[in-house]
Amino acid sequence: MNRPYNFSAGPAAIPEEVLQRAASEMLDWHGSGMGVMEMSHRGKEFISIYEQAEADLRELLAVPPEFKILFMQGGGLAENAIVPLNLSRAATVDFVVTGSWSQKSRKEAAKYAAEVHTAASGEASGFTTLPDPAGWQLSRGASYVHICSNETIHGVEFHELPDLKSLGSEAPLVIDFSSHVASRPVDWSRVGLAFGGAQKNIGPAGLTMVIVRDDLLGHALSACPSAFDYRVVADNHSMYNTPPTWGIYMAGLTFQWLKKQREGALSGVAAMEARNIAKARLLYDFIDASPFYVNKVAANCRSRMNIPFFLQDESRNDAFLAGAKARGLLQLKGHKSVGGMRASIYNAIPLAGVQALVDYMQEFERQQA
Ligand code: PMP
C-alpha cells in the first residue's frame, strides 16, 4: 500500500511495518487468544511485552543502570507538574526558556516550586536562537534546571546538551525530549531526568516515558499523588496503577523497528541520527536557496525534527496546503501560534518523504512564478 507522507507534529506518523504488525496481532497476540488491549497487565503475556520494551529502550538509548525507565501517563504537560512535585523539594528551580513548551513548563512549575527563576530566555529573538549556555544565570542551590531540548513549535533544538557542572551548577538537568526522543543519542552524563510523550517518535498518545537517575527518587512533596511519585512508580515497575498497556506494546514494536535500522556502519538510534541530519539538511538547504520560502531559525540551532517555514506570500498558504494534500503530503499546516507551515520529519518519515516534499515545494514555486 502506498500511504501518504504524514508530517504531523504529533500524534505523528508511525512506521508502516509497526502498524502492519499491530494489525496482524490485533485479535490474537502470539496464540494467546487475546489481543494486547484485553490482557491483564499482571499476566505473563503482558509482563513479557513490558520487559522487552523496557530492555529495548534501555539498549537503544544506552540508558545507564543507575537510571530507572518509567512508563507513565499524562503526557508532557502532566510532567510539567509531576517533575516539580518530585524534584523541587520546595526550593528554587531554574528554567531556560526557548519556546512555547519551556514557557508552559515554567508556568506550571511555579505552582509547586518555592521559586521559579528564568536563567536565560530566547524570547527577545522571537525564539529563533538559543541563549548561549555560557551566559545562563544559574541559581546557587537550585533543585534542578529545566530545558526543552527540542521546541516542537518554534523549531529550535539543542544539538548538544549543556554541561551544567562546567557552568558552575550542581543541579540535575531535566530535559523535555518529547519531540526528539530516539532521533539521536542522549549524553546521560549530563542528564538527571528526561521525559516525553510517545506520540511523536515512538507510538500512539497515552504513554509518557520518564528516565530518571536513582538519586532523584524519593524526594516527592507530600502533596504529590502516589501514582505520580517516581519512587512509587519505580518500586512498582510502572504498575502501581494500570499502565497504558497498548501504548507500551506499540512503543515496543517501534523499538524493535528502530533496532533494525541501518545507515552505513551505524545502527539503531545512531543510524536514525545520521538519517535525520540528512533529511533536515535536504529541506533546510532547499528553503535557504529559495526566494519563495523562509525559515527564521538561526542555523546552529535548527530542529532536525520540526521545521517551520513560511511562504513569502502568505496569501498562497491555502493553495499550498491543498496542493500538498492532493500529492499525498499531509498535515503541513503550521501551529496556530506561529502560522505558516511546519514539516515534522520524525523517525518514521524516510528521506524519500522529505524529497517528495521538496519536489512539491519546487513545483509549487514554479507554478506561482
Ligand atoms: N513538550 C513538548 C516539547 C511537546 O512537543 C509537547 C506536545 N506537542 C508537550 C510537551 C506536551 O505533550 P502532551 O500533549 O503529551 O502533554
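What counts and how
- The residue numbers shown here count from 1 along each chain, following its written sequence.
- A pLDDT threshold of at least 70 governs which residues receive local features in this predicted model, and a stricter bar of 80 or more applies before side-chain atom pairs are shown or counted, although totals over entire chains, interfaces and linings include all residues.
- UniProt positions are given in the numbering used here, feature names are shortened, and annotations may be inferred rather than shown by experiment.
- To define axes, lines are fitted to C-alpha atoms, for helices over the stretch in contact only, and angles between the resulting N-to-C directions are given on a 0 to 180 degree scale.
- Starting at the N terminus, helices and strands are each numbered in turn, a helix being any DSSP run of H or I of at least four residues and a strand any DSSP run of E of at least two.
- An angle below 35 degrees is treated as roughly parallel, one above 145 as roughly antiparallel, one from 65 to 115 as roughly perpendicular, and anything else as oblique.
- Each crossing is labelled by how the near helix is turned from the far one, with a counterclockwise turn of less than a right angle marking it left-handed and a clockwise turn marking it right-handed.
- Note on contacts: each residue gets a C-beta atom placed from the backbone, and two residues are in contact if those atoms are within 7 Å.
- Under the scheme applied here, ten amino acids are nonpolar (Ala, Val, Leu, Ile, Met, Phe, Trp, Tyr, Cys and Pro), four are charged (Asp, Glu, Lys and Arg), and all others, including Gly, are polar.
- Think of it as a crowd count around each C-beta: if 20 or more other C-beta atoms lie within 10 Å the residue is buried, if 12 or fewer it is exposed, and in between it is partly exposed, with C-beta placed from the backbone throughout.

Under an unreviewed UniProt entry, the name given to the chain is Phosphoserine aminotransferase, and the source organism is Diaphorobacter limosus. Regarding the chain, the relevant UniProt record gives this comment under Sequence similarities (unreviewed entry): "Belongs to the class-V pyridoxal-phosphate-dependent aminotransferase family. SerC subfamily."

1. Focus on the packing of helix α2 (residues 44–60) against helix α6 (residues 245–260)
Where α2 contacts α6, the axes come no closer than 9 Å and their chain directions differ by 45 degrees. By the angle between their directions, the pair α2 and α6 is classed as oblique. Relative to α6, α2 is oriented so that their crossing is left-handed. In contact with Phe46, Ile49, Tyr50, Gln52, Ala53, Asp56, Leu57 and Leu60 of α2, α6 contributes Thr245, Ile248, Tyr249, Ala251, Gly252, Phe255, Gln256, Leu258 and Lys259. Its residues assigned to classes, the contact of α2 with α6 comprises 11 nonpolar, four polar and two charged.

2. Re unusual backbone geometry
For the bond running from glycine 10 to proline 11, omega is -10 degrees, close enough to zero to count as cis. Positionally, proline 11 belongs in the loop between β1 (5–6) and α1 (16–25). Residue alanine 182 is not a glycine yet carries a positive backbone phi of 70 degrees. For alanine 182, the location among the structural elements is in the loop between β8 (173–176) and β9 (193–197). Judged by the 26 C-beta atoms lying within 10 Å of it, alanine 182 is buried. Residue glutamine 331 is not a glycine yet carries a positive backbone phi of 60 degrees. Here glutamine 331 lies in the loop between β15 (329–330) and β16 (341–344).

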